[in-house]
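# Secondary and tertiary structure notes
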Amino acid sequence: MQKTILTGLRPTGNLHLGHYFGAAQNWVKLQDEYDFYLEIADIQALTDNFDNPDKVRKNVHEIAIDLLSIGINPSSVHMFIQSMIPEIAELTVIYSNLVTMSRLYRNPTVKSEIAQKKALFGHHGESVTYGFVGYPVSQAADITAFNGNLVPVGEDQLPLIEQCREIVRKFNSIYGETLVEPEPLLSKAARVKGLDGNEKMGKSLGNAIFLADSDEEIAQKIMGAITDPNKIRKDDPANPEVCMVYYYHKLIGNKNLETVCEECKHGKRGCVACKKELILKMQEFLKPIHEKRAYYETHPEEVDAILLEGTEAARTKAKETMAKVRQSVKIDYFD
Ligand code: TRP
Ligand code: SF4
């Protein structure tokens, strides 16, 4: 039997190179080998954007276009909208009895997200909602609703998969074997660094190149990227290993990489020329993605149809799981 993959992302902004190289590129590679459910997690996005529904609404469509533009094939992948699968909400309520508050607060991902909020908003960070602390339970519902065997994620999501596995084991031990225990499928790509040299590229960090950035935006951002700070003059020898420009030459697979490295080390290349080369290569790299994006931007009805079809397929599968769960929990009254 073909294995089932489930993964998801929050529609809070456009995809950037960090998402692409950290995870999404891998999804494209996996899409033909598995029964693949790709969730646009709008309900999860609302857990910390409940006061900004317009943002989430707009980004559902944007993320769908981003995913199609990088080559997610709607005839192999069921791309769907979380809020349109009410069974996920039902499962969340049932699973919420199987998780203690202290276990949720101990979840390392939740813990670090709460710490980030406190750092950003000061004492307002204290007002963490029930929905936010509980989102690992809702994510366990996402995964199990489709009997996901494998969950391709980045390292930061591992504690959420572990919590899902605990819920599954507890459910099965109380109500009988019903749910499939999922395994994480770690993407090999490490984190992608930001233009500023930060270990992580992120929208809120202001150091990201988005897949949808225009050629002008790409040029402007790369001109501002961090290079070797010890290189003052054009012909100073420098160390490419500490330079973000070199890092991105490597990331996007510039075939001229050896030359860039050697010339940099021997003071035979100026940073401005080096950045200009990267700008051209980056624009070339993103060109096919931009072309697809332009197509879908002018055919929004096609994007809607893809989402609707993916959601219907997902709903069918989630209903099957829900029927089994109702039976196991003995709430299958008039079935
Ligand atoms: N929490 C994930 C993130 O922030 C997104 C997500 C939602 C997800 N549901 C999922 C990931 C189910 C894997 C499986 O990136
Ligand atoms: Fe970086 Fe290129 Fe300048 Fe070397 S020459 S420091 S690789 S921008």
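Please refer to the structure higher up on the page.
Let me sum up the structure you'll find in this document.

Neighbouring ligand 1 are 14 residues, the closest being Arg 10, Gln 44, Gln 139, Asp 142 and Gln 157. One of the side-chain N or O atoms of Glu 39 is found 3.4 Å from a nitrogen atom in ligand 1. The protein chains hide 88% of the 370 Å² of surface that ligand 1 would expose on its own. Sorting the residues of the shell around ligand 1 by element identifies strand 1 (4–9), helix 8 (135–145) and strand 4 (150–153) as the ones contributing at least two each. It is strand 1 that provides the largest number of residues to the shell around ligand 1, a total of four residues.

This part takes up the site of ligand 2. With respect to spatial proximity, the complete set of residues near ligand 2 consists of Thr 227, Asp 228, Lys 231, Cys 243, Val 245, Tyr 246, Cys 264, Arg 269, Cys 271 and Cys 274. Broken down by class, the residue content of the shell around ligand 2 amounts to six nonpolar, one polar and three charged.

Turning our attention to the packing of helix 3 (residues 53–69) against helix 14 (residues 300–329). Any two packed helices are characterised by the angle at which their axes cross and by the distance between the axes. Where helix 3 contacts helix 14, the axes come no closer than 11 Å and their chain directions differ by 90 degrees. On the basis of their axis angle, the class for helix 3 and helix 14 is roughly perpendicular. Taking contact as the criterion, the partners of His 61, Ala 64, Ile 65 and Leu 68 in helix 3 are, on helix 14, Pro 300, Val 303, Asp 304, Ile 306 and Leu 307. Along the lines of polarity and charge, the residues of the contact of helix 3 with helix 14 split into seven nonpolar, one polar and one charged.

Definitions and cut-offs
- Residues numbered from 1 in each chain as written.
- Chains lettered and ligands numbered in written order.
- Predicted model: local features only at pLDDT ≥ 70, side-chain atom pairs only at ≥ 80, totals over all residues.
- Heavy atoms only, no water.
- Near = heavy atom within 4 Å.
- Polar contact = N/O pair within 3.5 Å; in protein donor to acceptor, adjacent residues only side chain to side chain.
- Areas by Shrake-Rupley, 256 points an atom, 1.4 Å probe, with all protein chains shown as cover.
- Helix = DSSP H or I, 4+ residues; strand = E, 2+ residues; numbered from the N terminus.
- Nonpolar A, V, L, I, M, F, W, Y, C, P; charged D, E, K, R; others polar.
- Axes fitted to C-alpha atoms, helices over the stretch in contact; angles between N-to-C directions.
- Parallel < 35°, antiparallel > 145°, perpendicular 65-115°, else oblique.
- Contact = heavy atoms within 4.5 Å.

Without other data, these values stay purely geometric and don't point to any function.
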